[in-house]
Structures are given as C-alpha cells and as structure tokens.
Amino acid sequence: MNQLIKEIEAKQLKEQPPEVRVGDTVKVETIIQEGKKERSQYFEGLIIAISGTGVNKTFRVRRIFQGIGIERTFLLHSPKIRKIKVIRSGKTRRAKLYYLRSRIGTKATRLKTIQNAAMANKSAKKAAKVKDDAKAKPEATPNTEAEKAAE
Amino acid sequence: MDQKELGLLATKEGMTQIFDENGFVIPVTVIKIAENVVTDIKTADRDGYTSVQIGAFETKEKLLNKPEIGKFKKNGTKLFKKLIEFRTEEAADMAIGDEVNTEEFFKDLEKVNITGVSVGKGFQGFVKAHNGHIGRRSHGSKSKRQIGSLGAGTTPSRVLPGKRMPTMLGNEVVTIEKVKVVSYDAEKRVLLVRGPVPGKAGAELKIKAFGAKAWNHKNKRKLALEAA
C-alpha cells in the first residue's frame, strides 16, 4: 500500500485494539450522542465474522431478539466503541459462521465453548504472573536472608 | 495578489477512510500536492493579458524538446513536465522561481474544484455507456444487452445524428466541483478531500479554489457590464 496512506491510517488505529475472535460471545458498548449528552448502548451477541484490514477491520455480531436474527457490523477501530467484553469463547472450525443464520432456536447460538481457550487465556496470564513472581523472588530471597542474617 | 487566484498541480495517491471528531467515518482521497513553481509571469505590456504560469513535476532533459528546455534555462528554473497558466486580475507580485504558498492557498478554504482525467473504460456497449435498459435473459430473448431500435423506417430512412450508440467511455477530462477539504498538512503537502476524485492512483490533478474568480471570457464580460 501507498506509504502516505499507511501513515494516515496508522493515526486512525487504536493503540491496543480490542481482542475479539470469531465464535466469541461479546457485549459491545457504544457511545451515542444525544444533543450534548452521551449515552451508552449495549449490543450483545455472537461474533460470526471478522473481515477487512487496517482501519476498515470490522466484526459482525449476531443475536436473536424475539425470534428474529439481528446482525450488526462494527468497525474495530471506531472511537464510538468504548468497550468490548468477551463473555464466552466458542470453538469454531471456520472463519465465518454464516451457517448459523439457517439455524433456529437454541442451536442458533450454541457453540462448543472452549473452556480451554478461556482457561488457556487465564492460565497463560497466571503463568505469566508466576513467571514474573519467579523473577521477582530470586531478588527478594537474598534480601530476606540478608535481613535474617542481620537479625 | 491572493494565492487563491492560482491553482495547484497534484497527484492522486489513493483512498482511505478516517474518523472525524464525532467518531463518524469519512471516506477521503489522499492527494499529494506537487512543488508548484512560477515559471513565467505574463504582463499586459508584453503579452496583452496578466497571468501566472506554473510548472510542476520535475523531469529529465531528454524528455523535453529544445524550445521547452531553452525557456526553462532562460528563466533558470528546474525542468517541469507540466505547465499551467492562471489568469490574474492584476499583474502578479510574484517572481519567476517562486513557489506557490500552499499553506496560504488552503487557509480557510473549505471547497475546491478538482480536474483530472477519468478512468478509461474502453469501448462500452449501450447499456453501460448510456444507462440503457436490458432485455429479457430467458425465453429465447434475442435482445439481452442490445441497443434496440435506431429509429423509424422508410421515413427518414437514415439514423438521425446524435443517436446514442456504443462508444468509448471514460478517459476524458472531468472537473468535479465543491469537493470538501477535510485537512491539509503543509509540511507533508498532503491534502485530504471528502469522496472520490477522477482517475486512478498516481493520476495528475489540477486543484482550484471553489469560488475563486474564473478569469474566463464570460466573467470578464459580466464584470465589464457591471462596471459600465
């Protein structure tokens, strides 16, 4: 891509884009301007597709409301999105979950939840923490020993 | 003399999108403003009218002919591929070799007119070229994308001039008016305008301020009438 355009787009991107994956059940908080007041609106559903790159990266959220499927596409880097909360992660075998559109009832949104993924995430974080702690400990122990010795 | 009376030469870099202060998406075209240098100043005494000639897009000597090179050398400017002239009301207070002040040009400027060569589409059929109706695709239809009747029969027994037919489409000079300026970065010489402009990425464009006095024939006559 053109270098100039890259530079312009780089300014528009979020520094830490929210991490979402296809199959995640998410709650998206968007800002709505009403006159001078700001209000939050929530949209909860399943991410069935992620497409585009750069500023144009979007994710599509599907939810079933009163028996009717509703889909909404969000720009990942939009400043209107305040927060995306991942409620559940599902196990998927394809990148686009359009086949869910032809499903009715509870099957429509049911995916095998990856407990592993959620757990994996958590355990990864834990592992990272443990590592950090482990790093921190060796420094701490000599001190305590030194202190003990001093005592 | 106001810089806005002049115009600028630029290249189209491509399109992208940005978020405005309210978080809405604006589709923008990225335009790189070329180095616009005054190559000649025409005066009423010498030429019978006043104008400023501007050159842009530096080029090699072998790509120009002798008279062109001679002129550039006489004026002591760089060699330019493109020259363009803008009529001014009074004799310009600029000198040969001066650069057009783009910062001043885009200051408080909300809308511009952009001229360029549109994307060439080649020889196109009636339907695409003139927005014609298409025929039936099934049931043995023999007029899927046909032009249809060319006119009456025995009288006038010819096709009337101006009848719309398949033709070359695009690749012509187009001016789009009142293009909104989103932002201008004087340091990087990058202009962002809302929406599309003619041509593909890399195309040369001419930018004029919208509402700047067009020193053409019509306007001159109108002004003369007003003065009288």
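What you see as residue numbers is a count from 1 along each chain, following the sequence as written. Chain A is the first chain written and ligand 1 is the first ligand written, with later ones labelled in order. Two thresholds apply to this predicted model, a pLDDT of at least 70 for residue-level local features and 80 or more for giving and counting side-chain atom pairs, whereas whole-chain, interface and lining totals are computed over all residues. As a rule here, side-chain values cover all heavy atoms of the structure and leave hydrogens and water aside.

Asks: What's the story with the overall build of chain A in this structure? I'm lost.
Replies: Within chain A, the regular secondary structure consists of two helices and five strands. For chain A, the N- to C-terminal ordering of α and β elements is α-β-β-β-β-β-α. Burial classification: accessible surface area is computed with a 1.4 Å probe over protein chains only, and a residue below 20% of its type maximum counts as buried, one above 50% as exposed, and the rest as partly exposed. Taking all 151 residues of chain A together, the buried fraction comes to 27%. Any two residues whose heavy atoms approach within 4.5 Å at even a single point are treated as in contact. Here the contacts in chain A between residues at least 6 apart in sequence split such that 52% fall between residues at least 24 apart. As presented, chain A carries roughly 11,100 Å² of accessible surface, and 50% of it is formed by carbon and sulfur atoms. Each helix is a run of H or I in the DSSP string that is no shorter than four residues. Each strand is a run of E no shorter than two, and both are numbered from the N terminus. Residue exposure ignores everything except the shown protein chains as possible cover, and the areas themselves are Shrake-Rupley values with a 1.4 Å probe.

Asks: Is there a simple way to think about the nonpolar core in this case?
Replies: Where a protein is soluble and globular, its nonpolar side chains tend to be buried together. As used in this record, nonpolar core signifies buried Ala, Val, Leu, Ile, Met, Phe, Trp, Tyr and Cys residues forming a set joined through side-chain atoms within 4.5 Å. Core analysis: the biggest nonpolar cluster contains 32 residues, and Ile 31, Ile 33, Phe 106, Val 112, Ile 114, Leu 191 and Ile 207 of chain B have the highest contact counts within it. At four residues, strand E4 (residues 51-58) of chain B tops the list of elements feeding residues into this core. Ignoring sequence-local partners within four residues, the contact set of Val 112 of chain B consists of Phe 106, Ile 176, Glu 177, Lys 178, Val 179, Val 181, Val 193, Ile 207, Lys 208, Ala 209 and Phe 210 of chain B. Formed by 11 residues, the second largest nonpolar core is a distinct cluster that contains Val 20, Phe 59, Phe 74 and Leu 76 of chain A.

Asks: I tried to follow the sheet that holds strand E3 (residues 37-42) of chain B on my own but got confused; where do I start?
Replies: Sheets are built from strands that pair by backbone hydrogen bonding, the pairs being arranged parallel or antiparallel. Residue and element names in this part refer to chain B. What makes two strands pair is DSSP finding at least two bridges between them. Strand order in the open sheet formed by three strands is E3-E4-E5, with antiparallel pairing between adjacent strands. The sheet is open, and its two edges are formed by E3 and strand E5 (80-87), each paired on a single side. Taken pair by pair, the neighbouring strands of this sheet meet at an average axis angle of 25 degrees, ignoring direction. Both E3 and E4 contribute to a ladder of five bridges, which runs antiparallel. Each bridged residue has a counterpart across the sheet, and for Lys 42 the counterpart in E4 is Ser 51. Helix axes use the C-alpha atoms of the stretch in contact, all axes being lines fitted to C-alpha atoms, and the angles between their N-to-C directions lie in the range 0 to 180 degrees.

Asks: Looking at this structure, how should I read unusual backbone geometry?
Replies: Peptide bonds are, in most cases, trans, and in most cases residues other than glycine have a negative phi. Residues and elements named next belong to chain B. Of note, the amide linkage connecting Thr 155 to Pro 156 takes the cis form, showing an omega dihedral of 5 degrees. When you line up the elements, Pro 156 lands in the loop between helix H4 (126-130) and strand E8 (167-169). For His 139, which is not glycine, the phi torsion reads 60 degrees and is therefore positive. In this structure, His 139 sits in the loop between H4 and E8.

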